[in-house]
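# An overview of the molecular structure
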Amino acid sequence: MKILITGAEGFIGKNLIVALHARGYHDLLRVDMETPPELLERYCADCAFVFHLAGVNRPKQQEEFMQGNFGFTDTLLRTLIKYKNRCPVMFASSTQAALPNLYGRSKKAGEELLDQYARETGANVYIFRFPNVFGKWSKPNYNSAIATFCYNVSHDLPITVNDESTLMHLAYIDDVAEALCDLLEDKTTKEGPYCVVPVIHTAKLGDIANRIRSFRTIRESNTLPDMSDLLTRKLYATYLSFLPVMEFSYPLEMHEDARGSFTEFLRSGAGGQVSVNVSKPGIAKGNHWHHTKAEKFLVVSGSGVIKFRRIDMDDVIEYQVSGKKLVVVDIPVGYTHSIENTGKTDMVTLMWSSECFDPAHPDTIPAEVERTT
């Protein structure tokens with residue numbers, strides 16, 4: 001199936017192409033500003049579906065709105081008619097088509113062309129009035145405020161919010177791409193005459209800006225925001241896509257002594273804390289217990305033994321652990337416990353705790369696992 005994509009080098013176009021490949025569509029006819037007219041003609045004669053994504057958002061001259069959003073649409077449809085190609089056409093419009101600004105008027109004019117084309121040819125037409133679309137590969141100061149915010153914050157630049165109460169309606173690029181791919185399988189969601197992306201997020205501009213600002217502090221505090229919130233996850237993914245390529249990595253504070261090291265990796269208010277513990281050969285750590293704090297230990301390198309004793313009993317329980325066979329060991333409350341490196345190399349253990357460490361309320365009570373007589 002030959003699929004024609006205009007605006008193939010744009011933000012939505014690049015993401016759509018990846019999504020189409022994932023669904024097994026590879027015969028893609030890509031059109032951008034550099035495509036010669038004769039190639040567009042050949043594509044219009046051969047294609048079985050058109051994703052018309054090309055458009056102008058921020059032109060240098062105001063007249064480019066109508067030229068880019070109406071003029072090229074007219075050229076495309078006339079070329080399809082020339083070759084008697086009545087394949088389905090998807091058109092990327094905007095919610096601003098309902099507004100009287102120049103951009104909105106140009107998109108509305110494009111919609112009207114598509115409606116007329118559908119009446120005259122009987123072809124199926126899918127008009128999407130996209131809200132603010134955000135996600136990876138978007139352009140700052142062009143595609144959306146979110147792209148600008150993410151770029152600026154990730155590059156330690158200030159961001160400007162003119163009206164924090166402005167209500168934003170947002171579509172994530174992966175949701176957009178999936179909705180477009182669904183058209184090829186005769187699946188679409190409509191509201192009145194327009195197709196819509198099934199998942200739309202609504203939030204105030206000030207709240208969005210604050211969330212994005214908070215992402216930069218993760219590296220200092222090791223504390224993740226609430227990733228159970230779907231919009232936060234999508235904003236964070238977008239933010240990461242704007243990190244400078246030489247700043248993907250960042251150091252952690254290691255607490256080292258002769259026994260090894262202990263390094264906090266991540267904190268989450270909802271999910272507790274993850275740390276990395278390194279023990280030198282022959283070293284035992286722990287010998288304490290907790291009232292409420294639950295833990296999980298996972299030895300990923302080296303070998304050792306984890307010992308337990310319920311604090312009101314004498315029996316000691318042992319679990320042999322090794323990076324050669326990954327086994328998670330739960331650390332129940334009310335059991336004093338220790339972990340000892342019995343191997344000849346450093347032992348590395350991932351440790352999860354149900355609570356982030358609070359020095360004012362550590363919930364860590366010293367008690368030897370093996371009592372001395």
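As the structure is a computational prediction, the values presented were derived from the model and not from experiment. (Residues numbered from 1 in each chain as written. Predicted model: local features only at pLDDT ≥ 70, side-chain atom pairs only at ≥ 80, totals over all residues. Heavy atoms only, no water.)

## Thoughts on the overall build of the chain
Tallying secondary structure elements over the chain gives 9 helices and 22 strands in all. Against the 2.2 N^0.38 benchmark of 21 Å for 373 residues, the chain shows a C-alpha radius of gyration of 29 Å, more extended than a compact globule. Seen through its C-alpha atoms, the chain measures out along the principal axes to roughly 95 × 45 × 40 Å. Residue burial in the chain is summarised as follows: out of 373 residues, 45% are buried. Taking the intrachain contacts of the chain between residues at least 6 apart in sequence as the baseline, contacts between residues at least 24 apart amount to 74%. (Helix = DSSP H or I, 4+ residues; strand = E, 2+ residues; numbered from the N terminus. Rg over C-alpha atoms; globule rule 2.2 N^0.38 Å. Buried < 20%, exposed > 50% of the residue type's maximum accessible area, 1.4 Å probe, protein only. Contact = heavy atoms within 4.5 Å.)

## A short note on the packing of aromatic side chains
To describe a pair of aromatic rings, one takes the distance between the centres and the angle between the planes. This structure, assessed with the given rule, holds 10 aromatic pairs. Centroid distance phenylalanine 215 to tyrosine 239: 5.6 Å. Interplanar angle 55°. Geometry classified as tilted. In this pair, phenylalanine 215 sits in helix H7 (residues 205-216) while tyrosine 239 sits in helix H9 (residues 230-241), placing the two residues 24 residues apart along the sequence. A relative accessible area of 2% means that phenylalanine 215 is categorised as buried. An aromatic cluster of at least three residues, connected via ring pairs, comprises Phe49, Phe51 and Tyr126. (Phe/Tyr/Trp six-rings, centres within 6.5 Å; stacked < 30°, edge-to-face > 60°.)

## Thoughts on the pairing of strand E1 (residues 3-6)
On E1, burial covers both faces: Ile3 and Ile5 on one face and Leu4 and Thr6 on the other are all buried. Of the pairings in the sheet, the one linking E1 to strand E3 (residues 49-52) comprises 4 bridges and is parallel in character. For leucine 4, the partnering residue across the bridge sits in E3 and is valine 50. In the classification by handedness, the crossover that spans E1, the intervening helix H1 (residues 11-22) and the parallel strand E2 (residues 28-31) is right-handed. (Pairing = 2+ DSSP bridges. Right-handed = clockwise from strand over helix to strand, strands pointing away.)

## Some points on the pattern of salt bridges
Under the defined criterion, the tally for this structure stands at 22 salt bridges. Residue aspartate 312 pairs with arginine 310 through a salt bridge whose shortest N-O separation is 2.7 Å. Taking the relative accessible area as the measure of exposure, aspartate 312 reaches 52% and is therefore exposed. Each of Arg23, Glu178, Asp182, Glu185 and Lys187 takes part in one network of salt bridges that share partners. (Salt bridge = Lys/Arg side-chain N within 4 Å of Asp/Glu carboxyl O.)

## Observations concerning the sheet that holds strand E7 (residues 167-172)
The 3 strands lie next to each other as E6-E7-E10, forming an open sheet whose pairing is mixed. The open sheet terminates on both sides in strands that have one partner only, identified here as strand E6 (132-134) and strand E10 (201-204). Ignoring which end each strand starts from, the neighbouring axes of this sheet average 40° apart. The pairing of E6 with E7 spans 3 bridges and is classified as parallel. Bridge pairing in E7 links phenylalanine 134 to tyrosine 172. (Axes fitted to C-alpha atoms, helices over the stretch in contact; angles between N-to-C directions.)

## As for the layout of surface pockets
Put simply, the second largest pocket is a space of about 760 Å³. Taken together, 31 residues line the second largest pocket, and the ones lying closest to its centre are Phe262, Gln273, Ser275, His288 and Met351. Going through the elements one at a time, helix H8 (218-221), strand E12 (254-257), strand E13 (260-268), strand E14 (272-279), strand E15 (284-289), strand E16 (295-301), strand E20 (335-341) and strand E21 (347-353) are the ones with two or more residues in the lining of the second largest pocket. Broken down by element, the residue count for the lining of the second largest pocket peaks at 4 residues, all from E13. Here the lining of the second largest pocket is built from residues that sort into 8 nonpolar, 13 polar and 10 charged. (1 Å grid on protein atoms, 1.4 Å probe; cavity = no way out; pocket = protein on both sides within 12 Å on 5 of 7 lines; lining within 4 Å. Points joined across faces, edges and corners; volume = space filled by probe spheres on them. Nonpolar A, V, L, I, M, F, W, Y, C, P; charged D, E, K, R; others polar.)

## Thoughts on the nonpolar core
With 55 residues, the main nonpolar core has Ile5, Leu20, Phe51, Met90, Phe130, Leu180 and Ile212 as its most contacted residues. With 7 residues, the top contributor of residues to this core is helix H6 (residues 173-183). In this structure, Val31, Leu76, Leu77 and Val89 belong to the second largest nonpolar core, which totals 22 residues. (Core = buried A, V, L, I, M, F, W, Y, C linked by side-chain atoms within 4.5 Å.)

The values reported here are purely geometric and, on their own, carry no functional implication.
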